[in-house]
Structure formats: C-alpha cells, structure tokens
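Okay, here's what each chain looks like letter by letter:
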Amino acid sequence: MATNSPSVFLLTVNGQIEGANFPEYDNLYCKYCFVYGHDWAPTSGLEEGITQITCKGSHSSHKLIWNFPLETTFKSTNPSGWPQLVVSVYGPDVFGNDVVRGYGATHIPFTPGQHTRTIPMFVPEPTWRLQKFTSWLLGRRPEYTDPKVVAQGEGREVTRVRSQGFVTVSFNIMTKDMKKLGYDTGPSSPANTQSLK
Amino acid sequence: MLCLLGLSSRIQHTSGSQHLDDFVTRRLEEKLRAARVNTTSFLHTLGQVQRSSKTSKTGNHIAIILRTNCVVFICLFILIMQTQAGKGLPTAEEAYNFFTFNFEPEPQDESEKISRKRQKKKKAAEEDRDEEGGEGVEEQEDAESEEAPLVRDEEEDLFVIEQSSQDFLEVKKAEYIGYRKRVQQESELLFTPSFRTADPEGDYQLDVDVSGLIFSHHPLFSREHVLGARLAQLYDQHLTRQHNNLTGHLTDKVNFISRLSVGQSLTQAITMSSIFVCFSPECRRNTRQLRDSEQEKDRTLLKNIVKVWKEIKALRDFQKFTNTPYKLYLRRENVDRSSDEREYEDEILAEVVELEAESEEDYQRKFAEYKKQLEEWKLWRRKQRKKKKKGQAQDDTEEEDEDQEGSESEGPVEEGPPKPEPPEKPDFDSIEQQVREKASRIRRKPGEAILIPELSASGNITASELCPRAEIARREDVSRRSLFIKILYNDKEVSRTDSRSLNTDFRVHFGQIFNLKIVNCPQSINLQVFEEIGSSCSLLAQVFVPVPEPSVVMGNIPLEEFEFSSNQRVMFDHEGVGSDVPLSFEADGSNKQTLLTSGKLSCCVSWGIGEDDVPLAPPVSQQPVGIHSGLGRLDAVTYIGASGLYDMKKIGEWATQSRLDPNDPKNASIMQLLKVASSGEVTAPEYFRLEQLQEEFNFVTDEELERSKRFRLLRLRNQEVAEFRNYKGVPALEREVTDKVFQDYEKRLKEGEIIDTKEHLDSHRALVAKYLQKIRESVINRFILAKHHYLLSDLVVEEEIPSIGGAGSGILGINLFKLAEPKRPLKPQRKERKKVTAQNLSDGDIKLLINIIRAFEVPVRRPQTNKPGQSSQSAIQGSDWLLGQVQVRPFVEVSFQRTVLQTTTADGPNPCWNEELQLPFSAPNGDYSAASLQSVKDEVFINIFDEVVYETGVVIHTRVEKHWLGSVKIPFSTIYSQSRIDGTFKVNTPAVLLGYSKELSHGTNGGYDTLRSLSEGVFITLFITIDPQLVPGESIREKVNHFDSQEDEHLLQASERFERDAAQAYPDRPCITTIIDLNGKTVFITRYIRPLNPPQELLDAFPNNPQETTALVARFVSLIPSLPDRVSFSGACDLWSTCDQFLTLLAGDEEEHAVLLCNYFLSMGKKAWLIIGTAIPEGPTAYVLTCEQNHNYLIWNPSSGQCYGQHETFCPLQTVGSLVNADNVWFNIQEYTSPMTMSFDVTKTNLWKPFFSRTFSHPGLSSVQPDELVYRRTDKAAAAELQDRIEKILKEKIMEWRPRHPTRWNRYCTTTLKQFLPKLELSGGRDMAEGHRHELQSLLGDNRISGFPLHMPFSEIRPIIEAVYSTGVHHVQASNVEFALAVYVHPYPNNVLSVWVYLASLVRT
C-alpha cells in the first residue's frame, strides 16, 4: 500500500561479492556481514553469509572469483548509521590452518543505481616479532575480536595492520521514500521523478 | 619594466593556480641565485641596465623589479609566500635573505633618482657574519656620506659607527610576554578581613592584578644597564612621540591655516566664525612656534638616542663583554631627493613669505604708529614754535630744516615727547636666512634619508664565564635576589605574591590576581615591593594604587604602570653601580650623575564581577556630578564622570560640546569610536570570533533545535543516557515522536529527590537507597566515559606468546606438542576460553551456563505412618519407606530473570544430575557494556525441589507437585566478576520444612557421623559460567596512589612494596594493606580495626552464655543487608566505610560486615583477626577469625553469621591471603592456602610475613573508627507497621501470580503460623521443628500442609518478593488449595530488621 506520508524509507541492496585479488594466497573464502546503526533494521534477506572456497584458475592467474549474491533490504528512519558491508577473507596457511587473510568494509552506496566497489583489505599485525613467528608457526594469527570493528572508528588507534589485497563487490541500489522524508541522495534520473508524479 | 608588467598580468590571469606558483617559484629561485652570486657583478649589471635600459636577460629581472616599485614587489612576495606556504620553495629563510640582501651602494656617478629607489630596499643588511667584510666598510662610508648634512656640529660625528651593517639590520619584533595568561588560575586566593563592615549585605570583591615590574634603575645595574635603561627610555619616548605624531599634526595645521588665511573669504569667515578665533595670525604664529619646538625635540631625541647607543657600544668595547641585549638599528627611509627638496624649499619659502608678510604687517603697523606719533610730535613742535615766536623774534626757517632744528631744540625742551624714530624696514634677506638656519638646525636636510631608530632586545649577552670577576660577582648577586609584593588594603596586609627571582633584564613577572573579598570601605590600596636576599628582606618601595571607580570592573581595564622609586643608598664592591651613588661615564670622572632605584610596577585594580554580571563594588554615596562649566568641557572625565566613559551617548555629547579636533591623532581612537557608535552599529565586539560564519550556516535557530523532540531523542541517545542508550528506531519525522518516550526520563529527572516510600517501606532505607543510587549513577557515567578507551586486547585476539621456561603457559616446546594433541580427547579439560568484550553483543548473545552436578543430604520425606486413615499416596510412601526405596525425588530448578529451567528428577537424598542448563541473559536496556553488566542486580536462584506424585481418584490421575527444599542464590555480579563459579555450596534450607526430615540414615553409615555433625545441611555442587566469557569490567585501573592520602609517605611506599612483593610471590593470594574510604582517601587497613561495643541489648540477652551471645552478635551483623560494592560502585574501586557509616547506610559488602564483626569480637574480649581471602561464591572477600580456648580457631562468615571450625570440610573460605588486626598485617607465606591445611599462628614469621617488623615498626596509627557506637532504640511500632505492609503486598503478589485460579487464605492457619515465627527468631532459626510440626499437625489434622518459613535481612521489598516467587509455592494448582501467609518483622537495635515469611499451602484431603 502506498502511503503519502511514509514513516520509514527502504534501501534494497542487490549485488554480489564478485571476487578478490590476493596475489599471494589461494583457496580463500569470504564472510560478509552488515553493520548498521540503531535506527536500521533488515527487513528481508540475509544479514551475513559465507562464500564457497575458491581457487585461482590456471589461465586467469590473479583473480579469485566467488560471485556470491547479496540481497538485503533495510528499513530505517534515519540515515545516520547507514549500513556498511564488512567482508573478511580466510584461507589456509602453509600448515593448513585456517587463518584470516583480510578485513575490509565499505558503506553501501547512497545513490540508486549500479556501483562497483573495490575494498582494500588488511589484517592486524602481531605485536612483536617473536609473536609473529609463533603465530605463523602455530597458525594463530592475530584476529579482530569481531570483524565488525573494521566498520567502527573508535578504538582503532590501538591496532596496527598490514594491507593485504582487494575484494571487489558490485551493488545495485534501490531506495524508496527517501525523498519523501526529505533526504536527497544525489542525482536521480528525470525518469524517476516523473514516475513519482 | 616590461618583465614586471608581464608578471603582474600573468598574476591577474592565472591567480591562485598551480601554474602561477610554479612560475613564480622558478622565477624567484632564479633571481635569488642571480642576486646572491656576486654582489659586484650584480652591481655591474645594474649599471649596465641603467645605461642600456631594458634588456630581457633573466639575470636582470630582479634589478628591474627592484627598481620599479617596492610596494608591488612586496605584494608579490606576500602572494608568493601564501601560495607557497606548503611547498617550502622558496623557504622562509631564503626569502628573508632575499629581502634583507645587502645591496652595495652604487657608484657615485649613478643618477640620484635610482639611488634613492634602491636605498629603499636597503633597510636591511646581511647577518652578523658579514660585519667584518668589505661591505661593512662601504656601508660605513655610505652612512657617513649620508649623514654628514644631518649633523650640524662637525666634531660631533654621531654616525661614525663601526658596525653599521649590524645596526641597519632588519628589526625583529619585540618579544611579548602574555602577562594575563594565567588570569583565572589564582582566583581561590581570597581574603576576608573581619572588622568594621561597610555593608553587611554587600558581597564586594576587589581584584588586584599584579602583573610585574620593570626596574628603570636598580643598584645592581651595571653601567651598561644604566645606559641601556636610558636608551630604552629614550626609545619609548620616541615611540610615543611617533605615535602622537604631534609634529605632523602641527605641520598640517600650519599649512591649513596659512592656506586659509590666503584664500579667506567673507562667507567662509562667517560660517566658520565660531572656530575662527583660533586662526588669527597670532594663533598661526603660536602654532608654528609649537611646531618648530616639536620638530626640534624630535631631532634632539633622535640625536640623543644615537648618542646613548654609541656610548653603549663604546662601553661594550671597553669592558669586553655585553650585559644587555639591546640593539639599535637605524632604518633609513629614503626620499625622493628632488621632490623633497622642492617641498623643503616650498616650506621655507612659505614660511619666509609668511614671516615677511608678518613683518611687513608689523612694519606697516609700526609705521602707522610712527606716523601718528610723528604727527603728534609735529603738533607739539609747532606749538612750541609758536610759543617761541611769541617770546622771541620770529625767524622763519624752512620746512626742511625742521628736523635739524628739532634736534637742536631737543635739549632745552624737556617736557615735550621725544621725536619718534621711524621703524626699521624689515630685512627680508635676514628673515630668509633665519628661517633657513632654523630649518637646518631642527629639520632634516632635503633629500636626506629619514632615519627611524628601532630598538630590539635580540642581542646576545656574554656568558658569565667570559666576564671579569667583578661582573661575575654582580651577576651572582642578581641571581640571589628575589622580589615579592605585599598587598596592603587599608594598611593591612591582605596578601602577597610569590617570591620571584630577579632576572638579568631586571624585569620581574608575577602575573597573579588577588581577589579580595572586602567588607570594609576601601580607603587605600598599597603595593609594597620587597626585595629578598637570602632570608632577609627589605622594603624597596611602595606604590599607592587609587581605589577604582565602581564602573571599573574586571577585564575591561588595561594594566596600568605605576612608577616607584627609593632613596636608599646602596653601594657595591663589584660592577653594580649602586643607588644614590655618584656615577660618571666620562673618562675623567666629570659629569657625575646620581641614580636612584626606580622602576615601574604594572598592575591594575578593578572590581570583581558577580554571577549576574553585576560589579561587586560598593555603591558610591556621592557620584560626582559633571560640572557643566567651560573648564570641565575639556576634560572628558570631569565632564561625564569615569563611569560615563562607557556610555556612547555621553561621550558623543561631550565630543560635540567640547569641539574635539577630529584631526588630532590623539583623538583618533575616540573619533573612531564615535563614528562606529553613531553609524548605528553596536560597538565592535571585544572578543575574537572563532567560527564567525557559524550563524550563517545554522539552518534553524538554537531554540528551535532545542524544541525539536526528535533531535532531543537523538541527542540523548548519543549522550548514552540510560533510558535511550540503546533506543532503536528513532522516528523519521518530528510529529511521530511521542511525548511518552521522554516520560520515564523526565520522571527520573523530576523525582530525583522525591523518595518512593512505597517501594522501600522504610524512609531511612529509602534515603540510603537514593544515596547509593546517586553514587552508582556517577560511577556508571565514569564507566561510560572509560568505555571509549580501548586496549589492543579489546580489538585484536592474539595468541599469548609462549613464555620460555616461565611459570605460566609453559615452554615453547610443550606448545608445539599441543599441535599433536588429539582433537577430541577422552578426558577433556576445561580450557581458557576467548574473552569477549561486551561491546558488540546484543540480546540473546549471552547465555548463563549452569552445570548442576550433584547434591548431598537432601532432606527426605517424613513417613506419615503413625496416623491411620491416610490417603493412597501416603501408603505408597509408606511402602517406599518400608522397601527402603525412594524417600525423595529431588530436582533442581534454576530461575534467572524470570526464565525457569529444571533438571530431570533424580532419586534419593544424594542425587547426581550432571546436567547443563542454559539460561539466556538480557542486559538492562540492551546495553552490554561492562558498566551496565556490572550493575545488573539480578540473582540466579537455584532451588531444590522434591517432586511428589499424587494419584487421585479411582481413575488413575496423577498429579505432580513440587515441594521446595532449599535454595542457593548467586548474584549475577559475582558470576560476572569471577567469570566462573565452581564448587560445593551450602543450600539455604528453611528452618522448618514440613513433612521432611534430615535425619535420614540413622545407623546406616555410622562412620560418617562425626563428619556430618560438622557439616550440617544440604550441599550442592555447581559449575556456573557465562558464555561467551565476558571480560570483567576492570578497565579502569585506578591505582591506589592516584588517590590522595593523609598517610605518611613512607607508610604508603612500604605498603605498595609489600603488596607488590606479595602479588609477585603468590599471585592468587589476596593481600590488602591500604584501602579507600568513602571520601576517596587511601587509609591504612589497620586503622579500621578497633574494639567497638555491640548493642547492649544483645549482650544482655544471654547473660550467662557467652557462646549464645557471640552467635547473636554474629547474627546481628549478618542481618545488615549485603550490597556488594561491585553492584553499588561498579567495581571501579572497593570503598570501605567505617562501622558507624556502615550502620547508618545499613548496607555494605563482606568487608564492612567483617570489620564490624571483628570489632565486636574484640570488644567482647576475643582474639580476632580479619581474614582477607577468597571464598565461594563471593570471590575475594573478608572473613573473621577468632581464637577460642585451647587454640581452636573459628572462621566466621560475617554475611551469614555462621561459623566454621578450622577443619570443617565445607567451609566456604577457600584461600587465606592475609590476616589483619589493629597492630599488624600478616601475609600468608605458607605452602597451602586452605584453612584446613595451614597454621594460624601469626608469631611464626616463616609462615606469616608481618608488615610491621622490627625494621619498620608500627608508627602508632590511630583508628578511623569512632570511640563508641551509638545505637538507636528499636522501634517496635514501625516494625509492626512494616510487617503489615509486607504481608499485604505479598498477598497481592501471590494472587497476581495466580491469575487463573482463585486464591483462598486460611486464616486459622495463618494465625498459627504467625505465633510460631517469633519463636523461630528467638531460637536464631535453629531447628525446633519437631514441636512445631506436632502442633500444626494436630491443629490442621486433615489438611496436607507443605510450607516453610523464609528468613532474610530486610533491605527493601523487592528481594522478598523474588524469594517468595522463587519457592514456587504459588504454583500449586489443586482446586481445593488454600494458602497461609504469615510475616514477622523482628526489630533489632539501629533499625536492623529481621524478616520472616512463612508461606504454606494446605490441601484438604
């Protein structure tokens, strides 16, 4: 039912985690989750998920492809706390232990339409060199207590990270009722505005 | 020229672009390089350029630019500097060098015009290193040639200065010391004199701001200082003259007047008649004279400055060291010679013309006079002659001989007027000569550079080691001196500044503001300057400061300088010149001067401003009314009064009436002010606005923003206010925010002070609860702040580094072996789990895991065989009993946050369940922060029930009933802070359990009896933890030394050392030596131990039985409600209250209970210690140890009032860390920590390490406890009232919990129970069930009763309700059930209340 005075706006995210570029590693899989503010609530779709493990192909040497679909709809009353996609990539190390290969986050694009984001990835560093060695040896690399910390700014100053490759995500964004609530998220196509009238 | 034009046009086109930056940078670099390569070649080029004019060689650009226009160039430079700021090219230094480049004087054949323009650039020279170079010589020559015409006296060649290039350096800005920086800091220095009040109601405050003082002469001045001071003084004079620019003003005036007098017309004269009076020729002459004298003064001043500077330099050369940092530079401002000459000539001519005109006029006037006189004289002469003719023969002489005759006849004619002399014709030549002479004396020569002296204090002072001994002695003497200022108000010393040492520059900075709270009328304010040498001090000078006007308030007046001087005679045997001692700078000792100590004190006195911006000044009884006389008009202050100075209107009136000269530079500021005021604008703000565009960017006004409910909601959520901390879904639109949202919050704010007596039933406890609530809130707020500080471990999980050979996690190799460990071992061990900080959690994430393992000695059902005619189930039971089978079918029910889970039912009195229950946990308001979790007050109730199966009727219909047998309650805060609880607990069983008995197995296993007699009661083995494991909120590590303390520093250090050593050697043994009291101060622990009297009533209760008395006292202490500090103070710090505070608050944790109990025992003559240790389930806690006869030690749990023997099995105390009594603290250094396996003989130092020993003896610490405790009488009436209210509330609650069934109350049973309860209280809750049961049984024969009394200390109603609910009595669903409820409140002294609730259900059979 279409109401003239909506009280929430909707944000629909369709897209996929296309793949990653980790030149040194192979056999990786990716976990994703959304981080959003107090006023946001997912109405449909999966909030978090985990991809298959993928290996590098023999010919296209550098790309790891997941093509993992994302489909979520959020509702909100407030643009503050706009959803962010947090991805973390894992894979086996030399000894076969499952270790983290990268964390990264990006905001869901604001404007309706198609977007592609390349998320730079990073991992926390061990505090000192011996620890680096033992963590390598034992396969217990430093990890974030929660992957969601990469979506928040607070407290990051105590960590030290190393960059580690890229994950490519494509988004198709649709919004509903944002304009009616007074939020203009940029250039909307003229066709769009006409259809509203 | 072309090049410059090109440049500037480019700037216009591409201004601000990158292109320009690059371009200009490159250009400048080139020029810089070119200019610096070689000055001579540059000069050469310059010459070439001059001759062959515009060439386009890049090397010449600079010369062209330089010559063209200085202003344009500087603008260009500024532009470059701005755009280049980030790039560093050219660097500031380069740019500086570029500008201060020392251009050579050009050859004399250069044309004059160019020379002058170039000289404009020459305001600065290279750094000192160039001094000795050839440039310096050239410079000197240059200077000489330039200044030759300036100096009139050829011998006094003032400008022969050796180091001229140094003198012509670019001047640095004088350093400014912000005196008023620390203005508000000293505001606490208040003084209140206490006699003769001025105005009793008045609250007046006088602010005396003592900024600092500068000596213009001090006995310790060296000669150089004397000269330096003189130079500074002259320079100051010069600056003020420069600022006033009187000469310029007068010159203008003269010009104006002369112009006016020339083209003066009648109309003008009429319109300006009012002011024309002053434009008369006399006025003009006066003005000119004034102007001349001013010019002369300027000139002399300049000369003097240069002279003194020369003297300083000579002195410095002579004495070979430098004492003052003064440096004088003479900046030359070159003038266009031809125009200057023209002007000069014009002026001279004008003056000459004027003078000529004047003298002509004068001559004319004189001549007219002369003519008149001559006429008179002739007349007289004629008369004489007539007389002569009459008297003598008339001889006709010719007219032309008249003169001669007259002269001849002068002699005899005595009384006649003398013949007037004709006035001299004015000598115009001499006038001109005079004018020129004067001009050359007092004015600058035409075309000569204007010299602007600039004084800086940037020079270096020679280091002390390089000075002669006498100078070193002087400097040492200086460093010994220090100064302070006493402030005398009405001749009473009210305050004094800190003592500040005298600096080498003889300036002292105090920068202190004294706020004088004054009570009596201000009469005098006197500042006395004292000088301190070592310990002696002497009065140097006094400064009387006028009492300020009432309108003079803090902050709106500048600092004033008051001069002071002293005529003390001081002489030294070192370089110091002394005071009142003749001193000569001449070589031959002539021209002696005597200098007195003097200086300037910079301070200001003003009235303070009150909170509502009202000056805190006493009212002036007689405000001086402005006198409207002509005299008063000229002085603004007498005209409008000082207070009027801040009134624009009045100033405006005054300005128009007094006909201020708007062109007088003196009046410039006031005219500016009036202009601003009259143009309708408000006075220019005196503050600096940081975000001056903020207002433009505000899209709504602040008030509107304030009104917005949605915004308020968002803001409160952001501030993490408890109610809104996790508020979800703030509505999108303003209108959708209901007021309801704020109701709770506003209610809380409003009712902060109102005490809810309904909730607490007792006003005293309500007050205490409110107080604790406030403390808790403030602590929680602190935690919210601290939550935003993160540690690495909060964010990153990292494997512990395996320590090699350490005691902890083992050797690296062992860790490697772990790799080979089986994934699922057969006998798994509990592993340390990952700790989770509670920041990303939400509802449902946290679970409470409760592992119920087994129970011992559950009471069994009492066989009811002795009564015939029982129902079927009793027969079954009977048969059970006979068969020796099931006597009880216990199961465990755990309730937490109203979630109830239960285990399966087991059989027998020693059941084994081994089951894990998972209870969800939700934090208040969905806030999972550490602070919030710590303040969770919920408790886990673990209840043991007996499942009873009834079979009713012929048709088999089983009905299951559960009968409560006992419970354990564990606060969530304990689980949270300990992270796990593992052990065997004693179950709280009711004193009377109808239908059950404990004495189960008589004779079955007799060997056990001895042990069992010691361990009376029911026990349950549990393991409780939280999943995921939460990090206990101890992120705020407020160390003890952060709190202030009144303890001795040595003691604190020793205690810190003691605790550190203890923690290192035995990390798991708690050791406390210092604690924090309620005021937040650190106190040594032994101060808390002191014998204190228990209430007399308790001692009187059992006069002959000391054991009973002891038990009663322990019971009394245990009846004071427990409130863990962790709950009340969120674990930030463990605050200890003293016993009287504890008894007033009626709440405290184990430590307070233990201290009180220990003190009672001590006063009862026992040997008692405080045990600091760990126990289950409390964790770190305090118990009491007493030594009975024959060295039996008893361990008392102060919160339950129970005592245990040293060797008792189920003593909750697990670890003994240290013992404390009034004299000492002992730390346990034995092998074991369990009380069973250790010795309590503290005299053995190999087992107990004492804090105070022979090496560090007890310093005799006095106790913080009161001498005696005073108890309030018991209030029986209040207790009875409370009893009724509790009963009423509980009845309502039980009916509320049974919404579907009617709840009937059996009054008969209730009264019976009610009579029974006081007996229970008297017996101290110990078993007296047998008689009671029989009594009940006989009374209520055919009813099946199950019920039990609950006992607890009274704190508030909520725990009572919770306890009743957890027993589940209300769950009985039989249709014919009746209930009986009795409440009894027993009052103990000091409002300590013991509450009994007897709840029973009766089923008619």
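Going along each chain's sequence as written, the residues are numbered from 1 onward. Numbering of ligands from 1 and lettering of chains from A proceed in the order in which they are written. This being a predicted model, a pLDDT of at least 70 is required before a residue's local features are given, and a value of 80 or more before pairs of side-chain atoms are given or counted; all residues contribute to the totals for chains, interfaces and linings. Remark: hydrogens and water are excluded; side-chain values derive from all non-hydrogen atoms of the structure.

Caption draft 1: Structural detail: the sheet that holds strand β30 (residues 1135–1136) of chain B. Residues and elements named next belong to chain B. Each pair of strands is called paired provided DSSP finds at least two bridges between the two strands. Each helix is a run of DSSP H or I of at least 4 residues and each strand a run of E of at least 2, with the numbering of both proceeding from the N terminus. Taking strand neighbours across the sheet as the criterion, the three strands line up as β29-β28-β30 in an open arrangement whose pairing is mixed. One side of each edge strand has no neighbouring strand; the edge strands of this open sheet are β29 (1082–1084) and β30. Sheet topology places strand β28 (residues 1074–1077) next to β30; two bridges connect them, and they run parallel. In the strand pairing of β30, Ile1076 is matched with Leu1135.

Caption draft 2: Broad picture of the interface of chain A and chain B. Contact residues are listed per partner, giving 33 residues for chain A and 32 residues for chain B. Buried area: the sum, over both parts, of the accessible surface (1.4 Å probe) that disappears when the two are put together. Buried surface at the junction of chain A and chain B, both sides included, amounts to about 2700 Å², of which 57% is carbon and sulfur. Here, a salt bridge means any side-chain nitrogen of Lys or Arg that lies within 4 Å of a carboxyl oxygen of Asp or Glu. Our count for the contact surface shared by chain A and chain B stands at one salt bridge. For A:Asp39, the salt bridge goes to B:Arg717, with nearest N and O atoms at 2.7 Å. Residues adjacent in sequence count toward polar contacts only when both atoms are side-chain atoms; beyond that, a polar contact is any pair of N or O atoms within 3.5 Å, and within protein one must be able to donate a hydrogen and the other to accept it. Our count for the contact surface shared by chain A and chain B stands at four residue pairs in polar contact (both at pLDDT 80 or more). Those elements that place two or more of their residues in the side of chain A that touches chain B are α1 (129–138) and β9 (143–144) of chain A. The element that contributes the greatest number of residues to the side of chain A that touches chain B is α1(A), accounting for five residues. Residues that form the side of chain A that touches chain B fall into these classes: 13 nonpolar, twelve polar and eight charged. Note that β9(A) and strand β15 (residues 796–797) of chain B share two bridges and pair antiparallel. Note that in β15(B) the partner of A:Glu143 across the bridge is B:Val797. Contact between two residues is taken to exist if any of their heavy atoms lie within 4.5 Å; hydrogens are not considered. Under the scheme applied here, ten amino acids are nonpolar (Ala, Val, Leu, Ile, Met, Phe, Trp, Tyr, Cys and Pro), four are charged (Asp, Glu, Lys and Arg), and all others, including Gly, are polar.

Caption draft 3: Spatial organisation of the sheet that holds strand β37 (residues 1248–1250) of chain B. All names here are of chain B. If you walk across this open sheet you meet the seven strands as β34-β33-β32-β31-β35-β36-β37, and the pairing is antiparallel. Among the strands making up the open sheet, the edge pair consists of β34 (1202–1205) and β37. Mean inter-strand twist for the sheet, computed between neighbouring axes without regard to direction, equals 35°. Pairing of strand β31 (residues 1167–1175) with strand β35 (residues 1213–1220) involves six bridges; the strand directions are antiparallel. Bridging across to β35, Ile1171 finds its partner in Leu1219. Note on geometry: axes are C-alpha line fits, over the in-contact stretch for helices, and angles between N-to-C directions span 0 to 180 degrees.

Caption draft 4: Inspection of the pattern of salt bridges at higher detail. Residues and elements named next belong to chain B. In the structure shown here, the tally under the stated rule is 31 salt bridges over all chains. The closest approach of N and O atoms between Arg241 and Asp298, which form a salt bridge, is 2.6 Å. With Arg241 in helix α10 (residues 223–244) and Asp298 in helix α14 (residues 281–319), this pair connects stretches of sequence that are 57 residues apart. The exposure class assigned to Asp298 is partly exposed, which follows from its relative accessible area of 29%. A salt bridge links Asp739 to Lys709; the nearest nitrogen and oxygen atoms lie 3.4 Å apart. Whether a residue is buried, partly exposed or exposed follows from its accessible area with a 1.4 Å probe, protein chains only, as a fraction of its type maximum: under 20%, in between, or over 50%, in that order.

Caption draft 5: Structural detail: the confidence of the model for chain A. Per-residue confidence for chain A averages 86 on the pLDDT scale, and 91% of its residues sit at or above 70. Confidence of the prediction at every residue is given by pLDDT, a number between 0 and 100. The low-confidence segment residues 190–197 of chain A, where pLDDT is below 50, has two contacts with residues more than four positions distant or belonging to other chains.

Caption draft 6: A look at unusual backbone geometry. Residues and elements named next belong to chain A. Phi is positive for Asn67, close to 50°, though the residue is something other than glycine. Within the element layout of this structure, Asn67 appears in strand β5 (residues 63–76). Residue classification places Asn67 among the partly exposed residues on the basis of a relative accessible area of 42%. A positive phi angle is found at Asp177, which is not glycine, with a value near 70°. Along the chain, the position of Asp177 falls in the loop between β10 (161–176) and α2 (190–196).

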